[in-house]
Amino acid sequence: LVLYTDIESETAERLVTMVNQEYDAWVKDFGELPAARDGADFQMTGYLMRDKRVPMQLALIPPEYLGMRTGGHKGSQFWMLDQETDYYRRHLLFHEATHCYMTIMPDTRLPKWYLEGMAELVATHRIDQQGRLTFRVLPEDKENFAGWGRIATIQNEVSAGRLKSIAEIRAITRIDPVQEVRDYAWSWALCYFLDAHPRYQERFRSLNNHWRSGGFSREFDRLFADDMTEMNLEWQLFVSSLMEGYDLPRSTVEFRPDSGGSTAFITAEKGWQTTGWSIVEGETYRVTATGNVTLADDPKPWVSEPQGITLQYFAGKPVGRLVGRVLDSQSSNVGEIIDLGRERTWTASESGVLFLRINDAWNSLENNQGSYQVRLESP
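Rules behind the numbers
Positions within a chain are numbered from 1, following the residues in the order the chain's sequence is written. Totals for whole chains, interfaces and linings use every residue, but because this is a predicted model, local features are given only for residues with pLDDT of at least 70 and side-chain atom pairs only at 80 or more, for both listing and counting. Neither water nor hydrogens contribute to the side-chain values; these are computed over all heavy atoms in the structure. The pairing test for Phe, Tyr and Trp rings, Trp by its six-membered ring, is centres within 6.5 Å, and the orientation test on the planes gives stacked under 30 degrees, edge-to-face over 60, and tilted for anything in between. By the criteria applied, helices consist of DSSP H or I runs no shorter than four residues and strands consist of E runs no shorter than two, each listed in order from the N terminus. Type-normalised accessible area, obtained with a 1.4 Å probe on protein chains alone, sets the label of each residue: buried when under 20%, exposed when over 50%, and partly exposed for intermediate values. In our convention, an over-ring charge means Lys NZ or Arg CZ found within 6 Å of a ring centre and within 35 degrees of that ring's normal. In the analysis that follows, any N or O atom pair within 3.5 Å is treated as a polar contact, provided that within protein one partner can donate a hydrogen and the other can accept it, and provided that, for residues neighboring in sequence, both atoms belong to side chains. Working rule for contacts: check all heavy atoms of both residues, and any pair within 4.5 Å makes them a contact. Paired strands, as defined in this entry, are two strands with at least two bridges between them according to DSSP. Note on method: axes are straight lines fitted to C-alpha atoms, helices fitted across the in-contact stretch only, with angles between N-to-C directions ranging 0 to 180 degrees. Expected span, for any helix, means 1.5 Å times one less than how many residues it has. Like-charged residues are merged into a patch within 9 Å and nonpolar side chains (Val, Leu, Ile, Met, Phe, Trp, Tyr) within 5 Å, provided each residue has over 30% relative accessible area and no salt bridge. To be clear on the numbers: accessible area is Shrake-Rupley with a 1.4 Å probe, and residue cover counts the displayed protein chains and nothing else. A pairing counts as a salt bridge when a side-chain nitrogen of Lys or Arg comes within 4 Å of a carboxyl oxygen of Asp or Glu. We define a nonpolar core as any set of buried Ala, Val, Leu, Ile, Met, Phe, Trp, Tyr and Cys residues linked to one another through side-chain atoms lying within 4.5 Å.

1. A short note on the packing of aromatic side chains
One pass over the full model with this rule turns up 30 aromatic pairs. Look at Trp148 and Trp188: their rings are 4.9 Å apart centre to centre, the planes differ by 90 degrees, and that puts the pair in the edge-to-face class. Placement of Trp148 in the loop between β6 (133-135) and α5 (150-159) and of Trp188 in helix α7 (residues 180-196) is noted, with a sequence separation of 40 residues between them. The exposure class of Trp188 is buried, given its relative accessible area of 0%. Arg357 extends its terminal NZ or CZ atom over the ring of Trp272, reaching a point 6.0 Å from the ring centre. Lying over the aromatic face of Trp362, Arg357 brings its terminal NZ or CZ to 3.7 Å of the ring centre.

Structure below.
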């Protein structure tokens, strides 16, 4: 990276060094670029501007980026405005630099959601005390990722009833200047979900081989055709529960068809779990649960029964409490949380499959043990 900037030289020099680490991550995750005809190393030029008046006077900024609010890229060049936080300055630079690497070949043809989502995914990073970077991380707190805010955007959108389906995100063809924060957030969320999910990761990463084939979207459809119903359900659960430190590997859903059985075992160390039970709107159901689980070991084991532990709450309900949710794969409505506890009779307000979980924070599943035995009846 050759970086032109008016920020402090010490900060700029660190950024250039960090991009070398990002280059290694690109090669590892995306593969090597084709060799240059003249044998030269890959090089990009960046403009990081606290005050863009001089670059504008020197005609160093393309006309389409004169009004930019964050940054832009073209070929092996990128332009970005300085940011208020150290984290987001690094993040935005990594984002734009990733675009340069992904699109340096002139025949690259990628959908907008993937191009922006992958730049966001790679740029989301953690830095240790030795200055070593880890990319493709999920933020575990707000403080060390100040200025980013994608998770908060998703939470606000879901709360407002504007959950985007996978199909709606894939339909993004341009970043809307008015909705750009939302478009970036949804594109990042889908790329993170597919890239980190144990069942989908290998197939999603194989799409690297189709950047220049013109068949990216067809290959996506082919790879995930058999999973789309389950993927849509799990996507709804993921974005409706997303928070800092979300434990995606433990929260993946193990789908099973409706076996006709009336008993399900719901484990504490997992997230939403399908029962395979089809629920019909307007019908009345009775759920009963037995058993106990351990939710923590410090300072002593926190043992809970299905009604939960009222000493601590998550999402407005006691930890350890049995809760449910009815989902339909053809809808983007995530449905309301059904408060079940040890026993509950309720009339369904929607049709779909019943999912259950033992209430606990999504970043606190690794120390949970045990399960509840749950029965469903139609009284």
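There is more to say, and it comes next.
2. What to know about the side chain of Gln83
Checked against the element boundaries, Gln83 lands in the loop between β4 (77-81) and α3 (86-103). Residue Gln83 is classed as buried on the basis of its relative accessible area, which comes to 16%. A polar atom in the side chain of Gln83 sits 2.8 Å from the backbone oxygen of Leu81. Excluding anything up to four places from it in sequence, Gln83 contacts Thr70, Tyr88, Arg89 and Leu92.

3. Here's the deal with the sheet that holds β4
Spatial strand order, β1-β2-β4-β3: four strands in an open sheet with mixed pairing. The strands lining the two open edges of the sheet, one partner per strand, are β1 (2-5) and β3 (71-74). Sheet twist, expressed as the mean angle between neighbouring strand axes with direction ignored, is 15 degrees. Both β1 and strand β2 (residues 45-49) contribute to a ladder of four bridges, which runs parallel. Note on β2: the bridge partner recorded for Val2 is Thr45. Across the face of the sheet, α3 comes into contact with β1, β2, β3 and β4 while running at roughly 160 degrees to β4.

4. Considering the sheet that holds strand β13 (residues 322-327)
As summarised here, the arrangement of the four strands in space is β8-β16-β13-β14, forming an open sheet in which the pairing is antiparallel. The open sheet is flanked by β8 (273-279) and β14 (338-339), the only strands paired with a single partner. Bridge count between β8 and strand β16 (residues 352-358): four bridges; the pairing is antiparallel. Residue Gln273 lies in a different strand from β16, and its bridge partner there is Leu356. Packed onto the sheet, helix α10 (residues 228-241) meets β13 and β16 and runs at close to 130 degrees relative to β13.

5. Some points on helix α4 (residues 112-123)
Each α-helix winds once per 3.6 residues, and so residues spaced three or four apart point in a common direction. Between its first and last C-alpha atoms α4 spans 16 Å; for twelve residues at 1.5 Å apiece the expected length is 16 Å, and the two agree. Counting buried positions along α4 gives eleven out of twelve residues, so the element sits mostly inside the fold. Trp113, Tyr114, Leu115, Glu116, Gly117, Met118, Ala119, Glu120, Leu121, Val122 and Ala123 are the residues of α4 that are buried.

6. Remarks on the environment of Pro34
Positionally, Pro34 belongs in the loop between α1 (9-30) and β2. Judged by its relative accessible area of 42%, Pro34 is partly exposed. Separated by 71 residues in sequence, Pro34 and Met105 have C-alpha atoms that sit 8.7 Å apart. Setting aside residues up to four positions removed in sequence, Pro34 forms contacts with Met105 and Arg212.

7. Notes on a nonpolar patch on the surface
A contiguous nonpolar surface patch, about 260 Å² in accessible area, is contributed by Val54, Leu58 and Leu60. By secondary structure assignment, the location of Leu58 is in the loop between α2 (53-57) and β3. Residue class for Leu58 comes out exposed when judged on its relative accessible area of 53%.

8. Considerations on the environment of Gly214
Relative to the helices and strands, Gly214 is located in the loop between α8 (201-206) and α9 (216-224). Between the alpha carbons of Gly214 and Leu110 there is a distance of 7.8 Å; along the sequence they are 104 residues apart.

9. Points about the pattern of salt bridges
A side chain with one charge can pair with a side chain of the opposite charge if their charged atoms come near. Summed over the entire model, instances satisfying the criterion amount to 29 salt bridges. For the salt bridge of Arg203 with Asp227, the shortest nitrogen-to-oxygen distance reads 2.4 Å. Of this pair, Arg203 sits in helix α8 while Asp227 sits in the loop between α9 and α10, placing them 24 residues apart in sequence. On the accessibility criterion, Arg203 (23% relative accessible area) is partly exposed. Look at Asp227 and you get buried, because its relative accessible area is 14%. A cluster of three or more residues bridged by salt bridges with shared partners is formed by Glu8, Arg50, Asp82, Asp86 and Arg89.

10. Focus: the nonpolar core
In terms of nonpolar packing, the biggest core is built from 106 residues, with Trp113, Tyr114 and Trp235 touching the most fellow members. At ten residues, α7 tops the list of elements feeding residues into this core. Core analysis: the next-biggest nonpolar cluster, separate from the first, contains seven residues, Met49, Tyr65, Met68 and Trp79 among them.

The analysis is restricted to geometry; functional conclusions fall outside its scope.
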